[in-house]
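Listed below, chain by chain, are the residues.
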Amino acid sequence: MGDYYKIREKDIYTEILGEDSSPALLFIHGGPGGIGVADFIQYQGDRLSKNFKVIAPEQRGVWRSQAILDEEHISLEDIIEDFEELRKKLHINKWSLLSHSFGGYLAVLYANLYPDSIEYMIYECPSFDFALSERSMLNAAAKELIKLGDLTLAEDYFKVLREITDYKEINRLLMKVLNELGANYNNYMWFGNDKQIIDRIATSTNDAKNLWDKSTNTRIKLLKDWRVYNDVFTELSNVNKPSLLIKGKYDPITCEVQTAEFMKRVPDKQVVIFDFSGHYVRIEEPDKYCEVITSYIYKKME
């Protein structure tokens, strides 16, 4: 069960598990928005807390954390400053960052601003470039249309991908194809047959509709600032920390270009591909995920 911490005038819901004497591990969830850390805690809370002090906050305005009011502004910097303030409040000298998807983007920026607060970097299916990720997602969604028997519509999207470079137009078309996929909108993010795990966790939560609305409002506010579509490749080069990239073989977010940039820009690096996962490695291969992270950090500590 989590608790609320007053962080920079917002009540931030945070799950903390494990012993104080264990290495500290901050989980930075993706989104923006979504169901916060609910799925991470369900699948990795008990596993990772055997060897780490796990700190898993839900970002301001997301799920169980305090809402962002209509008249309020929120920025990437707000989220990062919340992490740093939480670290101080918990009296943690240094922690390692375990980030997922959009959380990887935040982790890179955090490590640039506060390098002395961070020990190791672990990225699970990160996006270092929203524009590249959304092009890859549009391609994967078009392939899903083929599976559903709509070859003509899929070909239209493949044609668009060959001809259009404007990221705002790609974003608009991605939203369109997800709407056309309907109940299958999320299929391409998974490897296994069960593609409704996140939805089930969400709907089993008390007051789920209001929580979804809150998270969606925060997502819209953040993405209105098109600055989030600037890649963080230069900032990634500045992160002088041992770094592990965890990637699901069927993940559409961390495309080949982003993986190549990681390999080129990070000196002390390791990449582990999970053969039976899409975008949610921690859910689809939970035991191996925990084992890889634990082994990586403890070997680096030797």
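Whatever comes next refers back to the structure up there.
Residues numbered from 1 in each chain as written. Predicted model: local features only at pLDDT ≥ 70, side-chain atom pairs only at ≥ 80, totals over all residues. Heavy atoms only, no water.

Some remarks on a nonpolar patch on the surface
No. 1: Residues Phe191, Tyr250 and Phe276 make up a contiguous nonpolar surface patch of about 310 Å² in total accessible area.
No. 2: Considering the arrangement of structural elements, one finds Phe276 in the loop between strand 8 (269-274) and helix 11 (281-284). (Patch = residues over 30% accessible without salt bridge, like charges linked within 9 Å, V, L, I, M, F, W, Y side chains within 5 Å. Areas by Shrake-Rupley, 256 points an atom, 1.4 Å probe, with all protein chains shown as cover. Salt bridge = Lys/Arg side-chain N within 4 Å of Asp/Glu carboxyl O. Helix = DSSP H or I, 4+ residues; strand = E, 2+ residues; numbered from the N terminus.)

With respect to empty space enclosed by the protein
No. 1: Taken as a whole, this structure holds one cavity of 30 Å³ or more when the rule is applied.
No. 2: The space that makes up the largest cavity amounts to roughly 60 Å³.
No. 3: Ile7, Ile12, Pro57, Glu58, Gln59, Arg60, Ile79, Asp82, Phe83 and Leu86 are the residues that line the largest cavity.
No. 4: Of the residues that constitute the lining of the largest cavity, the class distribution is six nonpolar, one polar and three charged. (1 Å grid on protein atoms, 1.4 Å probe; cavity = no way out; pocket = protein on both sides within 12 Å on 5 of 7 lines; lining within 4 Å. Points joined across faces, edges and corners; volume = space filled by probe spheres on them. Nonpolar A, V, L, I, M, F, W, Y, C, P; charged D, E, K, R; others polar.)

Points about the packing of helix 4 (residues 130-147) against helix 6 (residues 167-181)
Each pair of packed helices can be described by the angle between their axes along with the distance between the axes.
No. 1: Their axes nearest at 9 Å, the elements helix 4 and helix 6 cross at an angle of 30°. Relative to helix 6, the element helix 4 lies roughly parallel. Handedness of the helix 4/helix 6 crossing: left-handed. In this structure, helix 4 uses Ala131, Glu134, Arg135, Met137, Leu138, Ala141, Glu144 and Leu145 to contact helix 6, whose residues at the interface are Tyr167, Ile170, Asn171, Leu173, Leu174, Val177 and Leu181. (Axes fitted to C-alpha atoms, helices over the stretch in contact; angles between N-to-C directions. Parallel < 35°, antiparallel > 145°, perpendicular 65-115°, else oblique. Left-handed = near helix turned anticlockwise from the far one by under 90°. Contact = heavy atoms within 4.5 Å.)

A closer look at the packing of helix 5 (residues 151-163) against helix 6
No. 1: Contact geometry of helix 5 with helix 6 gives a least axis separation of 12 Å together with a crossing angle of 165°. Classified by the angle their axes make, helix 5 and helix 6 are roughly antiparallel. Crossing of helix 5 over helix 6 shows left-handed handedness. Along its contact with helix 5, which presents Leu153, Tyr157, Val160 and Leu161, the element helix 6 presents Ile170, Leu173, Lys176, Val177 and Glu180.
No. 2: Split by residue class, the contact of helix 5 with helix 6 holds seven nonpolar, no polar and two charged.

Here's the deal with the layout of surface pockets
No. 1: Considering only enclosed or pocket space, the largest pocket measures out at about 1200 Å³ in volume.
No. 2: In terms of lining, the largest pocket is formed by 40 residues, of which the most central are Gly31, Pro32, Gly34, Trp212 and Arg219.
No. 3: Secondary-structure elements contributing two or more residues to the lining of the largest pocket are helix 4, helix 6, helix 7 (197-203) and helix 8 (208-223).
No. 4: Here the lining of the largest pocket gets six residues from one element, more than from any other, and that element is helix 8.
No. 5: The class makeup of the residues in the lining of the largest pocket is 19 nonpolar, 15 polar and six charged.
No. 6: Put simply, the second largest pocket is a space of about 470 Å³.

Some thoughts on the pattern of salt bridges
No. 1: This structure, assessed with the given rule, holds 22 salt bridges.
No. 2: With a closest N to O distance of 2.6 Å, Arg282 and Asp39 form a salt bridge. With a gap of 243 residues between them, Arg282 in helix 11 and Asp39 in helix 1 (residues 38-48) connect regions that are remote in the sequence.

Concerning helix 3 (residues 102-113)
No. 1: Compared with the 16 Å implied by 1.5 Å per residue over twelve residues, the 17 Å span of helix 3 between its first and last C-alpha is a close match.
No. 2: Turning to helix 3, its buried residues are Phe102, Gly103, Gly104, Tyr105, Leu106, Ala107, Val108, Leu109, Tyr110 and Ala111. (Expected span 1.5 Å × (residues − 1). Buried < 20%, exposed > 50% of the residue type's maximum accessible area, 1.4 Å probe, protein only.)

With respect to the packing of aromatic side chains
No. 1: One pass over the full model with this rule turns up 19 aromatic pairs.
No. 2: Ring geometry for Phe128 versus Phe262: centroids 6.5 Å apart, planes at 5°, classification stacked. Here Phe128, found in the loop between strand 6 (118-124) and helix 4, pairs with Phe262, found in helix 10 (residues 256-265); they are 134 residues apart in sequence, far enough to count as distant.
No. 3: Of the residues examined, Phe128 reaches a relative accessible area of 0% and is grouped as buried.
No. 4: Taken together through their ring pairs, the aromatic side chains of Phe102, Tyr105, Phe130, Tyr167, Trp226 and Tyr229 make up a single cluster.
No. 5: Geometry around Phe274 places Lys288 over its ring, the cationic atom sitting 4.6 Å from the centre. (Phe/Tyr/Trp six-rings, centres within 6.5 Å; stacked < 30°, edge-to-face > 60°. Lys NZ or Arg CZ within 6 Å of the ring centre and 35° of its normal.)

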